[in-house]
Structures are given as C-alpha cells and as structure tokens.
Amino acid sequence: WRSWNRLSSKLNSKSWTSGRFLLPFLNSRQAKNRFSKEITLLKTLWKTFSLKPPPDRVNASLAHRVDEFYRQIYSLASKIDKRNKFGIWLRIENTCLEIIYLIIKASFTNKNSRSILLESARVEIEVLKRLVRIAYELKIIESGIYLQLESNLQEISKMTNGWIRYLTQKEL
C-alpha cells in the first residue's frame, strides 16, 4: 500500500518530472537534445560536401527542358501500340536521350569543343522534329499531343541555337 500511495501521489502531482522513471518514453525536449548532435553533424557534412550547380544557368535550363521533353515522350509510350513502340517511338526516345547526352557533355567541356557538340545536338533536334512529325502523319500520336511536342521542340531548338550564337559571338 505504501508504494501505491507514493505512486498515486506522483501521478496526481502537477510535476511530471517526478514520475519520469515510470515512463520509458522521452519528451520532445529530451528527444531534441538526443538528436541535436547527429543533426548538427549532418548539416555540417551537407554544407561541406554539397554538389555545386552546373557552370552556366543557360545550360541548366536547356538540359532541364530536354529532360522535361523526354519525360513527356516516356509517358506517352504507354499509349502507343507495340509495333510502333518498338519502331519509330524507340528511335524518338533514343534520339532524345542522345540530345540530353550532348547538351550535358557540352555544358561540362571546355569552350573550344562546345560548339562541335552543340552543332551535333542541333542536328539531332532537327531529326527529332522530323520523327515526331512522321509519327503524327502515321497517326501514332494525336494532333494535340503533336502540337505540344512540336512547340517544346521549337523552344529547345531556339535555346540551342541561341547558345551556339552566343559562343560564336564570343569568339569574334
């Protein structure tokens, strides 16, 4: 009885710290203190080893646009029948991946070889435009989807041509 009275008095008291040993759970302050060293260490390591952004903002936005375009192409693949999916649509996807490769490679190479890579990317973009047009003419994709893809390709082409013009003006 005596221990029960002591326990009931601790539970009925206004202070919960006196009955701390009865409850195995930590309160929010104790949990915060427990993880504060680990969180501080992670924040320090994150600042030390964080990745740097790509060299130029123009390059990052162009690569981002091509990535978004590839996501559109990839999501449309589920709506295309098997014959066309492994025919022209596979070629469209591979060409898009090649453009991504060339643009990212151009953004990380030296200034002398950038123009060569960008010219190759420009040719691949024109091939991709033609393939998308053929897919529309063969009624593989609908007109609304075709217009959306073609406008995105026009924007990617303009950005690539602008980058090429910037490099050629810079050399002069």
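A. Layout of the overall build of the protein chain. The helix and strand tally for the protein chain stands at 7 helices and 0 strands. Listed N to C, the secondary structure of the protein chain is α-α-α-α-α-α-α in terms of helices and strands. The buried share of the protein chain, reckoned over its 172 residues, is 27%. Taking as baseline every contact in the protein chain between residues at least 6 positions apart, the subset at least 24 positions apart corresponds to 66%. Taken as a whole, the protein chain presents about 13,000 Å² of accessible surface, with 58% of it coming from carbon and sulfur.

B. Summary view of helix α5 (residues 88-108). With 21 residues, α5 extends 31 Å between its outermost C-alpha atoms, agreeing within 8% with the 30 Å of an ideal straight helix rising 1.5 Å per residue. All of the buried residues in α5 are Ile88, Trp89, Ile92, Glu93, Thr95, Cys96, Ile99, Ile100, Leu102, Ile103, Ala106 and Ser107.

C. Molecular detail of the nonpolar core. With 35 residues, the main nonpolar core has Trp89 and Ile92 as its most contacted residues. Every residue in contact with isoleucine 92, bar those within four places of it in the chain, is listed here: Ile73, Leu128, Leu131, Val132 and Ala135.

D. Main features of the side chain of asparagine 84. Within the fold, asparagine 84 resides in helix α4 (residues 82-85). Asparagine 84 sits in the buried class, given a relative accessible area of 18%. Sequence-distant contacts of asparagine 84, defined by excluding residues within four places in its chain, comprise Trp89, Leu90 and Ile140.

E. Geometry of the environment of asparagine 94. Along the chain, the position of asparagine 94 falls in helix α5. Spatially, the C-alpha atoms of asparagine 94 and tyrosine 70 are 9.7 Å apart, while their sequence positions differ by 24 residues.

Cut-offs used in this document
Residues numbered from 1 in each chain as written. Predicted model: local features only at pLDDT ≥ 70, side-chain atom pairs only at ≥ 80, totals over all residues. Heavy atoms only, no water. Helix = DSSP H or I, 4+ residues; strand = E, 2+ residues; numbered from the N terminus. Buried < 20%, exposed > 50% of the residue type's maximum accessible area, 1.4 Å probe, protein only. Contact = heavy atoms within 4.5 Å. Areas by Shrake-Rupley, 256 points an atom, 1.4 Å probe, with all protein chains shown as cover. Expected span 1.5 Å × (residues − 1). Core = buried A, V, L, I, M, F, W, Y, C linked by side-chain atoms within 4.5 Å.

Note that every value here comes from positions in space, so none of it alone points to a role or purpose.
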